[in-house]
Amino acid sequence: AALDNAEYGQGMVRSVATALGGVIKGQVDKSVTHVVVGTVRRTVNVMRGIVLGCNIVTLDWVTESVSNGGWAGTEKFTLTSEFPSLHQSSAKRRSLPVLCVDNTA
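Residues numbered from 1 in each chain as written. Predicted model: local features only at pLDDT ≥ 70, side-chain atom pairs only at ≥ 80, totals over all residues. Heavy atoms only, no water.

Caption draft 1: Up close: the nonpolar core. Judged by nonpolar contacts, the single largest core of 13 residues is most densely connected at V32, V35, V46, I56 and F83. If you list the elements that add at least two residues to this core, you get β2 (34-37), α2 (44-51) and β4 (98-101). Those residues in contact with V46, other than ones at most four positions away along the chain, are V35, V37, R41, I56, F83 and D102. Of all hydrophobic cores here, the second largest spans eleven residues; its members include V13, V57, L59 and W61. (Core = buried A, V, L, I, M, F, W, Y, C linked by side-chain atoms within 4.5 Å. Buried < 20%, exposed > 50% of the residue type's maximum accessible area, 1.4 Å probe, protein only. Helix = DSSP H or I, 4+ residues; strand = E, 2+ residues; numbered from the N terminus. Contact = heavy atoms within 4.5 Å.)

Next up, the structure:
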């Protein structure tokens, strides 16, 4: 297919980050604050994000942010039940998110 779900998700996140102010990274590193996932899987980026204390969030967080006209809170979009080792309270806080779009988004 010319445009699959992964490409759509990545493109959407890039567009929203540009519009709302944010940075996109190809891989999770120490600067990343949020990992956006489309499909819940234990990928390298997701596992790095968990280890580094990132918010692991669904694409719904991105669409909610568009609706709000600014970055939405992550509480209802964080995948804590899917990834029990994820500690929401340890998530990094910054004025502008640094996002990594997992390749399954």
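Caption draft 2: Highlighting the side chain of T78. Looking at where T78 falls in the secondary structure, it is placed in the loop between α3 (59-68) and β4. Residue class for T78 comes out buried when judged on its relative accessible area of 9%. A distance of 2.8 Å separates the side chain of T78 from the backbone oxygen of T74, its partner in a polar contact. (Polar contact = N/O pair within 3.5 Å; in protein donor to acceptor, adjacent residues only side chain to side chain.)

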